[in-house]
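# Analysis of the macromolecular model
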Amino acid sequence: CEPKDTIKTAVDAMVEKKIGALVVLNESDRDTPLGIVTKSDLVEAYQKGITLDHTVDEIMMTLLQTIRDDSSKDQAAKALEHTKNHHAIVADSDGKFVGFISAWDITAECARDDRAWPWNRTEDGKIHRPVKDNTPSSPRSALEQEHFHPSARKESHAFLDYIDSIRDLHEM
């Protein structure tokens, strides 16, 4: 949405799209986020008596947390945990806005990884058979060798492709 959109417009968009927050973009430069409006902001505005005909720039949060698009989901989760935010702007290496991520997005991604276990999900999102580690000197049990071979599972997943898949939802 844009800064001069009414709060009602923001509420309608959030209800229609079943989302909990909107990015407020610069009217002339749609690559520049100016703020976000969350359900919590709407509840606080209601509590303060701010009516639906006011504009979103009156209630939006302007102190924006930014996460790089090449961050892993674990890095993104740590950043949100550290700041106690539920949402963050995603920017590329040049600082250009490329998307928006929420704690819910990270939770859903973790749940997909959990459902894939003991299979392994790679950065491209594909699920692969576990790789057996036949190293005789390995102190791990046979089960651990089968499921946690270093070449079968990466420690961090870049979520650029994931951001691309959800970007369309936020541009609607």
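For the structure, see preceding data.
A quick note: this is a predicted structure, and the numbers were derived from the prediction, not measured.

Next up on the list: the nonpolar core. Counting residues in each nonpolar core, the largest one holds twelve residues, listed as Ile7, Ala10, Ala13, Met14, Leu22, Val24, Val37, Leu42, Ala45, Val56, Ile59 and Met60. Going through the elements one at a time, helix H1 (7-17), strand E1 (21-25) and helix H2 (39-47) are the ones with two or more residues in this core. The element contributing the most residues to this core is H1, with four residues. Setting aside residues no more than four positions away along its own chain, isoleucine 59 makes contact with Ile7, Val37, Asp41, Leu42, Ala45 and Ile50. Ile67, Leu80, Val90 and Val98 belong to the second largest nonpolar core, which has eight residues in total.

Take the pairing of strand E4 (residues 87-91) next. Burial of E4 is extensive: five of the five residues sit out of reach of the surface. Side-chain alternation along E4 places His87, Ile89 and Ala91 on one buried face and Ala88 and Val90 on a second face that is also buried. Taken together, strand E3 (residues 66-68), helix H3 (residues 73-83) and E4 constitute a β-α-β crossover, and its handedness is right-handed. Both E4 and strand E5 (residues 97-102) contribute to a ladder of five bridges, which runs antiparallel. Residue pairing for E5: alanine 88 is matched across the bridge by isoleucine 101.

This brings us to H1. Of the positions making up H1, those classed as buried are Ile7, Ala10, Ala13 and Met14. Looking down the long axis of H1, one finds its buried residues gathered within 125 degrees of arc, a one-sided arrangement. Projecting away from the buried face of H1 at angles above 90 degrees are the exposed residues Val15 and Glu16. Elements in contact with the buried residues of H1: E1, strand E2 (33-38) and H2. Positive backbone phi, at 55 degrees, marks lysine 18, one or two positions downstream of H1.

Criteria and cut-off values
- Residues numbered from 1 in each chain as written.
- Predicted model: local features only at pLDDT ≥ 70, side-chain atom pairs only at ≥ 80, totals over all residues.
- Heavy atoms only, no water.
- Core = buried A, V, L, I, M, F, W, Y, C linked by side-chain atoms within 4.5 Å.
- Buried < 20%, exposed > 50% of the residue type's maximum accessible area, 1.4 Å probe, protein only.
- Helix = DSSP H or I, 4+ residues; strand = E, 2+ residues; numbered from the N terminus.
- Contact = heavy atoms within 4.5 Å.
- Right-handed = clockwise from strand over helix to strand, strands pointing away.
- Pairing = 2+ DSSP bridges.
- Arc of directions from axis to C-beta.

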